[in-house]
Amino acid sequence: MSDADEHELPGDLPRDDLIRRMIRVDHAGEYGARRIYEGQLAVLGRRQDAEPIRRMAAQERRHLDAFDKLIGERRVRPTALHPLWHVAGYALGLATALLGREAAMACTVAVEEVIDEHYAKQATRLGAADPELKTMIETFRAEEIEHRDIGLAEGAERAPAYDLLTGAIKAGSRMAIWLAERI
Ligand SMILES: [Fe+2]
Ligand SMILES: [Fe+2]
């Protein structure tokens, strides 16, 4: 084993395990994102102002496709909680959309703020390791920040109980990340 192979990133996991864990959680997260927008579009998709939601949904599908490809190429075990993200993502999208378009946008803002932090942390942790994954993370992070800004521009902060709503969604998203990294 060369020195480079023995090099470990800060933290307790060896580099390969850490990278697998990153791919697993990101794949799960992008899957959840796709399901959130599917739930939102089930309610709001026929409205004339559905275009921004459709655009974000299309971008999430591209993120998911990229992680689908990577998880296959690297032979990473996907999260065992796939059925949970399938249901929970859709339910979150549906429920917020039923509260109204602004609540759906608040959901986007909350989720994307957590994902922005999450991808930033991963990019820092990777350092110079795994440039392929790092480029994906940085590209997608920039697009998630765009989604947050779209949510804000589309009136997220006018949603009923904005602070409570976004606080709850952020807490749920952080828990989902914690679980998807491990299970
Ligand atoms: Fe995404
Ligand atoms: Fe996004």
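Please refer to the structure placed before this passage.
A. Focus on the packing of helix α2 (residues 15-44) against helix α6 (residues 131-153). Contact geometry of α2 with α6 gives a least axis separation of 12 Å together with a crossing angle of 30°. It follows from the interaxial angle that α2 and α6 lie roughly parallel. When the axes of α2 and α6 are compared, the crossing they make is left-handed. Packed against α2, whose contacting residues are Ile19, Met22, Ile23, Asp26, Glu30 and Tyr37, the element α6 presents Leu133, Ile137, Phe140, Glu144 and His147 at the interface.

B. How the structure looks around the coordination of the iron ion (ligand 2). Distances from the iron ion (ligand 2) to its protein donors, namely Glu60 (OE), Glu112 (OE), Glu144 (OE) and His147 (ND1), fall within the range 1.7 to 2.3 Å. Relative to the metal, the four donor atoms surrounding the iron ion (ligand 2) lie at angles of 88 to 131°, and the coordination shape comes out tetrahedral. Positions of the donor residues of the iron ion (ligand 2), expressed as sequence spacing, correspond to E-x51-E-x31-E-x2-H. Taken as a pair, the iron ion (ligand 2) and the iron ion (ligand 1) show a spacing of 3.8 Å, with glutamate 60 coordinating each metal. Here the residue glutamate 144 and the residue histidine 147 both occupy positions in helix α6, the gap between them amounting to three residues, near one helical turn.

C. How the structure looks around the coordination of the iron ion (ligand 1). Protein coordination at the iron ion (ligand 1) comes from Glu30 (OE), Glu30 (OE), Glu60 (OE), His63 (ND1) and Glu144 (OE), with a distance range of 2.0 to 2.7 Å. Considered as a linear motif, the donors of the iron ion (ligand 1) on their single chain read E-x29-E-x2-H-x80-E. Glutamate 60 gets classed as buried once you look at its relative accessible area, which sits at 1%.

D. Region of interest: helix α7 (residues 162-182). Here α7 spans 30 Å end to end across 21 residues, near enough to the 30 Å set by a 1.5 Å rise per residue. Tyr162, Leu165, Thr166, Ile169, Ser173, Ile177 and Ala180 are the residues of α7 that are buried. Summarising the axial view, the buried residues of α7 lie within an arc of 105°, below the 170-degree limit, and thus occupy one face. Opposite its buried face, α7 presents the exposed residues Asp163, Leu164, Ala168 and Met175, each directed more than 90 degrees away. Next to the buried residues of α7 lie α2, α4 (82-99), α5 (101-126) and α6.

E. View of the pattern of salt bridges. Going through the model one piece at a time under the given rule, you end up with 15 salt bridges. Lysine 69 is the partner of glutamate 73 in a salt bridge, and the nearest nitrogen-oxygen pair spans 3.3 Å. Highlighted residues: glutamate 73 and lysine 69, both in helix α3 (residues 51-73), separated by four residues, approximately one helical turn. You can call glutamate 73 partly exposed: its relative accessible area is 46%. Residue lysine 69 is classed as exposed on the basis of its relative accessible area, which comes to 55%.

F. Layout of unusual backbone geometry. Of note in the backbone geometry, arginine 75 takes a positive phi value of approximately 55° without being a glycine. As for its position among the elements, arginine 75 is in the loop between α3 and α4. Non-glycine residue alanine 161 carries a positive phi angle of around 50°. Mapped onto the fold, alanine 161 is located in the loop between α6 and α7.

Conventions adopted
Residues numbered from 1 in each chain as written. Chains lettered and ligands numbered in written order. Predicted model: local features only at pLDDT ≥ 70, side-chain atom pairs only at ≥ 80, totals over all residues. Heavy atoms only, no water. Axes fitted to C-alpha atoms, helices over the stretch in contact; angles between N-to-C directions. Helix = DSSP H or I, 4+ residues; strand = E, 2+ residues; numbered from the N terminus. Parallel < 35°, antiparallel > 145°, perpendicular 65-115°, else oblique. Left-handed = near helix turned anticlockwise from the far one by under 90°. Contact = heavy atoms within 4.5 Å. Donors = N, O, S within 2.8 Å, 3.2 Å for Na, K, Ca; no water. Tetrahedral: all angles 85-135°; square planar, octahedral: opposite > 155°, others 65-115°. Buried < 20%, exposed > 50% of the residue type's maximum accessible area, 1.4 Å probe, protein only. Expected span 1.5 Å × (residues − 1). Arc of directions from axis to C-beta. Salt bridge = Lys/Arg side-chain N within 4 Å of Asp/Glu carboxyl O.

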